Amino acid sequence: MEKLRKFFNDTVEEMQYKVSWPTYSELQKSSILVLVGSLVFALLVGAMDLVYDSTLSWFYNQF
């Protein structure tokens, strides 16, 4: 039980004193970057899906 208590105490201490938390503006910039990257990736995957679907539909309609 003592090891578990020490683990949680050390965790709280590390989160308070050793972790460098981003400022609000850094957090906003990072969030926008993640949002834009996710949208670009979604558009890329959607375009690939559309091309594959169109190609396979055309191919299957040939028979």
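Residues numbered from 1 in each chain as written. Predicted model: local features only at pLDDT ≥ 70, side-chain atom pairs only at ≥ 80, totals over all residues. Heavy atoms only, no water.

With that out of the way, let us pick up the overall build of the protein chain. A count of helices and strands for the protein chain gives two helices and zero strands. The C-alpha radius of gyration of the protein chain comes to 24 Å, more than 25% above the 11 Å expected for a compact globule of 63 residues. When its C-alpha atoms are laid out on the principal axes, the protein chain stretches across 70 × 35 × 10 Å. Taking all 63 residues of the protein chain together, 0% fall into the buried category. On the protein chain, roughly 6400 Å² of surface is accessible, and the fraction owed to carbon and sulfur atoms is 69%. Between the mean site of the 5 positive side-chain charges and the mean site of the 7 negative ones, the protein chain shows a separation of 14 Å. (Helix = DSSP H or I, 4+ residues; strand = E, 2+ residues; numbered from the N terminus. Rg over C-alpha atoms; globule rule 2.2 N^0.38 Å. Buried < 20%, exposed > 50% of the residue type's maximum accessible area, 1.4 Å probe, protein only. Areas by Shrake-Rupley, 256 points an atom, 1.4 Å probe, with all protein chains shown as cover. Lys, Arg positive; Asp, Glu negative; His and termini not counted. Charge placed at Lys NZ, Arg CZ, Asp CG, Glu CD.)

A word on a nonpolar patch on the surface. A contiguous nonpolar patch, built from Leu56, Trp58, Phe59, Tyr60 and Phe63 and spanning about 670 Å² of accessible area, is present on the exposed surface. Among the structural elements, tryptophan 58 can be located in helix α2 (residues 24-61). (Patch = residues over 30% accessible without salt bridge, like charges linked within 9 Å, V, L, I, M, F, W, Y side chains within 5 Å. Salt bridge = Lys/Arg side-chain N within 4 Å of Asp/Glu carboxyl O.)

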